[in-house]
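Observations on the three-dimensional arrangement
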Amino acid sequence: MSILSRRRSVVFFTRTTALAVWLTIAVLSSVVHAAGSNQATVRHYYIAAEDVKWDYAPTEQNLVMPAKNLGVWGEQRIYKKTRYIEYTDATFTQKKPQPEHLGILGPVIRGTVGDTIKIHFRNKASQPYSIHPIGTTYGKTSEGAAYAGQKPPGSAVPPGQNHVYTLKVRPEDGPGPNDPSSILRLYRSHVDPVGDVSRGLVGPMIIMRADQRGQDALPKDVDREFVVMFMVFDENEEDEEDEGDLMHTMNGYIFGNLSGLTMDQGDRVRWYLFAMGSEVDLHTPHWHGNGVIEYGHRREVLMLLPAFSTVADMKADNPGTWLFKCNVGDHIEAGMKTLYTVRPYVNASDQTIRVP
Ligand SMILES: [Cu+2]
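These numbers were taken from a predicted model, which means no experiment stands behind them. (Residues numbered from 1 in each chain as written. Predicted model: local features only at pLDDT ≥ 70, side-chain atom pairs only at ≥ 80, totals over all residues.)

Quick look at the overall build of the protein
Assigned secondary structure in the protein consists of 3 helices and 18 strands. Taking all 356 residues of the protein together, 38% fall into the buried category. Within the protein, contacts between residues at least 6 apart in sequence are counted, and of these 72% link residues at least 24 apart. (Helix = DSSP H or I, 4+ residues; strand = E, 2+ residues; numbered from the N terminus. Buried ≥ 20, exposed ≤ 12 C-beta atoms within 10 Å, placed from the backbone. Contact = placed C-beta atoms within 7 Å.)

This is the structure:
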């Protein structure tokens, strides 16, 4: 046997052995995966679309710069909107409370890789609406969108009707290799793709790695999370161009009226941020007091474009009440800002004690 052929047989042996080892691992991992998939959960959400009256500044005050008041944006604060509202079950009788800071957003839909998410949708509003997921895997009857002559069930749910959307969270839908343990996806109504979101029909979806799910459904490396949408709602009637009707909001609130952004010193806080809207919706979120890391980069200011989302992690080390705003000049003027609070340790020498 020549050296060359011996080498070949060694290579062949190595390849055969490698193949056998690989097959063994593949079989074992499929068993493990099957066991894991048995644990994978079907998560049910009961979400209605409802017409509401929305107040962009319910305190009637500018809480960031009180002396400046609400300016032209306070001339009319309340408008008709339509929102996604979560209920406890299929009877759609009892609303599920949602964190204060979410504001106009629909409920947070959570999925872990391997899960199936079933959204039971009831249209309690006055026009046809849908739920279109941005991210996750879905079939035609769960796309919530009609185009090119295709009008699958669920693409426009008439008032008073129901539809169930089934979403699969495959590994390809979860965080990628350079993502944090969880990522932000969205859902929105897609009957009138522009108008429906302007009415308020948009919500967050948080997708987490399977091995990262910790207590309270949060990722293991996160103590607290917030979702904030930056969007200019144009409340002008047709042919009207009134600056005071351009509501420069964070989660539907202006001039500090977005509240509930409260955390404890030492918390590992995950911020999920996104923008919606049009070409005015170029936003540059910025926090005073505490910095963030976005995909491994230290950032003072982040960048958002319409329908674009990002995730930033903050170690809330610096206690106090701080400004959180969009750094685009005219957006600051128009009220796209609010406050967040880091509650200090009760006893600085014992960092485990938190303010109740
Ligand atoms: Cu902005």
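Focus on unusual backbone geometry
Even without glycine at this site, tyrosine 295 takes up a positive phi of about 45°. Structurally, the position occupied by tyrosine 295 is in the loop between β14 (292-294) and β15 (297-299).

Things to note about the sheet that holds strand β11 (residues 262-264)
Pairing within the open sheet is mixed, and its 4 strands lie in the order β11-β18-β17-β13. Either end of the sheet is taken by a strand with one partner, and the two such strands are β11 and β13 (285-287). The sheet shows a mean angle of 25° between the axes of neighbouring strands, direction not considered. (Pairing = 2+ DSSP bridges. Axes fitted to C-alpha atoms, helices over the stretch in contact; angles between N-to-C directions.)

Re the sheet that holds strand β4 (residues 116-123)
Read across the sheet, 4 strands follow the order β2-β1-β4-β6 without closing on themselves; strand pairing throughout is mixed. Both outer strands of the open sheet, β2 (78-87) and β6 (162-168), are each paired with one neighbouring strand and no more. Going across the sheet, the axis of each strand differs from the next one's by a mean of 25°, ignoring polarity. When β4 meets β6, the two strands line up antiparallel, connected through 7 bridges. From the neighbouring strand, lysine 118 faces β6, where its bridge partner is threonine 166.

Considering the nonpolar core
Considering soluble globular proteins, one finds that nonpolar side chains tend to be buried as a cluster. Residues Ile47, Met229, Phe230 and Trp271 are the most contacted members of the largest nonpolar core, which totals 77 residues. The residues touching phenylalanine 230, leaving out its near neighbours within four places in the chain, are Met250, Ala275, Asp281, His283, Pro285, Leu304, Cys326 and Met336. (Core = buried A, V, L, I, M, F, W, Y, C linked by C-beta atoms within 7 Å.)

Brief notes about the pairing of strand β17 (residues 320-326)
Two strands pair when backbone bridges link them, and β13 and β17 are joined in this way by 3 bridges, in the antiparallel orientation. Residue pairing for β17: tryptophan 287 is matched across the bridge by phenylalanine 324. As paired strands, β17 and strand β18 (residues 337-343) are joined by 6 bridges and run antiparallel to one another. Residue phenylalanine 324 lies in a different strand from β18, and its bridge partner there is threonine 338.

Quick word on the confidence of the model for the protein
For the protein, per-residue confidence averages 89 on the pLDDT scale, and residues scoring 70 or more make up 86% of the total. Segment residues 1-14: pLDDT under 50, and 1 contact once partners within four positions in sequence are set aside and those in other chains are kept. (pLDDT = per-residue confidence, 0-100.)

Some details on the environment of glycine 200
Turning to its location among the elements, glycine 200 is positioned in the loop between α2 (193-199) and β8 (202-208). We classify glycine 200 as buried; it has 27 C-beta atoms within 10 Å. Residues glycine 200 and valine 52, 148 residues apart in the sequence, show an inter-C-alpha distance of 9.7 Å. Dropping the residues within four chain positions of it, glycine 200 is found in contact with Trp54, Lys81, Thr82, Arg83, Ile104 and Gly252.

Details of the environment of lysine 68
With respect to the element layout, lysine 68 can be found in the loop between β1 (42-55) and β2. Separated by 187 residues in sequence, lysine 68 and phenylalanine 255 place their C-alpha atoms 9.9 Å apart.

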